[in-house]
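Here are the chains, one letter per residue:
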Amino acid sequence: MKLNAFERAAMNNPVRAAHQHHREAAWFRRLSGGGLSGQQVLEVGCGRGVGAEVILDRLGAAWVAAFDLDESMVELAQRRLHGRPVQLSVGDVCEIAQPTASVDAVVDFGIIHHVPDWQQAVAEIARVLRPGGLVLFEEVPREMLDTWAFRTFTVHPHENRFQPGDFADELARNGLHGSGEIERHLGGMVFVGAVRKTEPAP
Ligand SMILES: C[S@@+](CC[C@H](N)C(=O)[O-])C[C@H]1O[C@@H](n2cnc3c(N)ncnc32)[C@H](O)[C@@H]1O
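Residues numbered from 1 in each chain as written. Predicted model: local features only at pLDDT ≥ 70, side-chain atom pairs only at ≥ 80, totals over all residues. Heavy atoms only, no water.

### Brief notes about a nonpolar patch on the surface
Then, number 1: On the surface, Phe-6, Trp-148 and Phe-153 cluster together into a nonpolar patch covering about 370 Å² of accessible area.
Then, number 2: Among the secondary structure elements, Phe-6 is positioned in helix 1 (residues 5-11).
Then, number 3: According to the relative accessible area criterion, Phe-6 is partly exposed, its value standing at 47%. (Patch = residues over 30% accessible without salt bridge, like charges linked within 9 Å, V, L, I, M, F, W, Y side chains within 5 Å. Areas by Shrake-Rupley, 256 points an atom, 1.4 Å probe, with all protein chains shown as cover. Salt bridge = Lys/Arg side-chain N within 4 Å of Asp/Glu carboxyl O. Helix = DSSP H or I, 4+ residues; strand = E, 2+ residues; numbered from the N terminus. Buried < 20%, exposed > 50% of the residue type's maximum accessible area, 1.4 Å probe, protein only.)

This is the structure we're talking about:
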């Protein structure tokens, strides 16, 4: 589901970019045990491309493939990331173009709560990740989407939303397991975590 004008303005501004570059990058660096040095990373729902910058410049990835459902966001990302080692496309997280087991890590900066069939998004992320690969996620819980402010100013699917525990259970059903607790930040507005895809038994 694409953003409405209000949420687009809330996402596409210098304050949010600074927050991603500093605070969110620090959460992901810690949760990943030091970053994604030299890795081939997929960013789902890249918006205007700040996340891809963070993945390259703060987490140390070598290369990023990034896509978004909204063509106009991909155009903004193309302008921002010109000349960087990033492959951009329009795409749907429920039908990811990447081959199975082809990326070292997947990063989700707050998009899966926008997806009506979010369980399919999780299954697709698990499919494209190589065994042993890492998923870093930042998501918005159901209780926040149910608040007056979110219901009034933003547009999200109302049915079939998730709390952190539901999200962790769905990740685990797809072979993605966390070593630490899911953390809540920004007064409970978001939760973040890291999970790894199970390696096949030797
Ligand atoms: C809250 S914004 C976050 C954007 C960006 N990750 C950021 O942190 O600034 C959610 C983004 O997810 C995208 N999106 C929504 N549904 C999607 C889907 N099914 N597949 C890919 N992207 C999607 C929207 O177009 C929007 O750019």
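### Quick look at the site of the ligand
Then, number 1: Around the ligand sit 22 residues, and of these Arg-16, Gly-45, Asp-68, Asp-92 and Val-93 come closest.
Then, number 2: The separation between an oxygen atom of the ligand and a polar side-chain atom of Gln-20 is 3.5 Å.
Then, number 3: Residue Phe-109 places a main-chain N or O atom 3.0 Å away from a nitrogen atom belonging to the ligand.
Then, number 4: Expressed as a share of its isolated accessible area of 590 Å², the protein-covered part of the ligand is 97%.
Then, number 5: Residues of the shell around the ligand, tallied by class, amount to 11 nonpolar, six polar and five charged. (Near = heavy atom within 4 Å. Polar contact = N/O pair within 3.5 Å; in protein donor to acceptor, adjacent residues only side chain to side chain. Nonpolar A, V, L, I, M, F, W, Y, C, P; charged D, E, K, R; others polar.)

### A look at the side chain of Glu-183
Then, number 1: Tracing the backbone shows Glu-183 in strand 7 (residues 183-185).
Then, number 2: A distance of 2.6 Å separates polar atoms of two side chains, one belonging to Glu-183 and the other to Arg-30.
Then, number 3: Other than its neighbours up to four places away in sequence, Glu-183 contacts Arg-30, Leu-31, Val-190, Phe-191 and Val-192. (Contact = heavy atoms within 4.5 Å.)

### What to know about the packing of aromatic side chains
Then, number 1: All chains considered together, the criterion is met by nine aromatic pairs.
Then, number 2: Note on Phe-28 and Phe-109: the rings are 5.2 Å apart at their centroids and 45° apart in plane angle, and the pair reads as tilted. Separated by 81 residues along the polypeptide, Phe-28 in helix 2 (residues 14-31) and Phe-109 in strand 4 (residues 103-109) bring together distant segments of the chain. Each member of the pair, Phe-28 as well as Phe-109, carries the same accessibility label: buried.
Then, number 3: Ring plane angle 85° and centroid distance 5.6 Å describe the contact between Trp-148 and Phe-153, whose orientation is recorded as edge-to-face.
Then, number 4: On the accessibility criterion, Trp-148 (62% relative accessible area) is exposed.
Then, number 5: The structure contains a cluster of three or more aromatic residues connected by ring pairs, namely Trp-118, Phe-137, Phe-162, Phe-167 and Phe-191. (Phe/Tyr/Trp six-rings, centres within 6.5 Å; stacked < 30°, edge-to-face > 60°.)

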